[in-house]
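Descriptive analysis of the structure
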Amino acid sequence: MTQRSITPDFSAFEVPIDVWSEPFWEGGKTGEVRMPRCVHCATFRWPAGPFCPKCRTQPVEWVQPGQARIYSFTILPVRGADPGEAPGARIPALVSFDEAPGVRLVSVLVDAEPASVAIGAPIAITWHPAANAVVPVFTLADPS
Ligand SMILES: [Zn+2]
């Protein structure tokens, strides 16, 4: 039987939220991925911060970044916690977005067969409860 990657328990994880990143976490509550883009020069500003790294202005708009794809990943084998329990794998992954140059988001790829994971594969993002927010988690999307 093929072992699919593990979904971690985020319930004790405290997300560091500040005034600049809050719209990202608020978007997650409705299942939406939004990224900050400079109003003046259209440079994406991620991690979110007070000034555009390119033109140093402040106005920002939050936009959908397009299709997420695996940019990089690693497979960490996990032994079963109890004798007889099946081993699994954790797959930390970095994703890029088709319409947000330079933006990378890190989380874990869950419920994936390790042998089927590849750079460039389209990813769906779902949101899982953490201590003070919901956090993005990746799954393999149907190729389209
Ligand atoms: Zn700018």
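Scroll up to find the structure.
An account of the accompanying structure is given in this report. These numbers come from a predicted model, not from an experiment.

1. Some remarks on the pattern of salt bridges
One pass over the structure, following the stated rule, counts four salt bridges. With its nearest N and O atoms 2.9 Å apart, the salt bridge here joins E26 to K29. Here E26 and its partner K29 are both found in helix 1 (residues 22-29), three residues apart, which amounts to about one turn of the helix. For the salt bridge of D98 with R69, the shortest nitrogen-to-oxygen distance reads 2.8 Å. In this pair, D98 is assigned in the loop between strand 6 (92-97) and strand 7 (105-108) and R69 in strand 3 (residues 68-73), connecting sequence segments 29 residues apart. D98 gets classed as partly exposed once you look at its relative accessible area, which sits at 44%. R69 sits in the partly exposed class, given a relative accessible area of 26%.

2. Notes on the coordination of the zinc ion
Each protein donor to the zinc ion is listed here as C38 (SG), C41 (SG), C52 (SG) and C55 (SG); together their distances run 2.2 to 2.4 Å. Every donor counted, the four donor atoms about the zinc ion form angles of 100 to 117° at the centre, which fits tetrahedral coordination. The sequence pattern formed by the donor residues of the zinc ion is C-x2-C-x10-C-x2-C. Remark: C52 occurs in the loop between strand 1 (35-38) and strand 2 (60-63) and C38 occurs in strand 1; sequence separation between them is 14 residues.

3. With respect to the side chain of S107
Relative to the helices and strands, S107 resides in strand 7. Within the structure, the side chain of S107 is placed 2.5 Å from the backbone oxygen of P136, a separation counted as a polar contact.

The rules behind these values
- Residues numbered from 1 in each chain as written.
- Predicted model: local features only at pLDDT ≥ 70, side-chain atom pairs only at ≥ 80, totals over all residues.
- Heavy atoms only, no water.
- Salt bridge = Lys/Arg side-chain N within 4 Å of Asp/Glu carboxyl O.
- Helix = DSSP H or I, 4+ residues; strand = E, 2+ residues; numbered from the N terminus.
- Buried < 20%, exposed > 50% of the residue type's maximum accessible area, 1.4 Å probe, protein only.
- Donors = N, O, S within 2.8 Å, 3.2 Å for Na, K, Ca; no water.
- Tetrahedral: all angles 85-135°; square planar, octahedral: opposite > 155°, others 65-115°.
- Polar contact = N/O pair within 3.5 Å; in protein donor to acceptor, adjacent residues only side chain to side chain.

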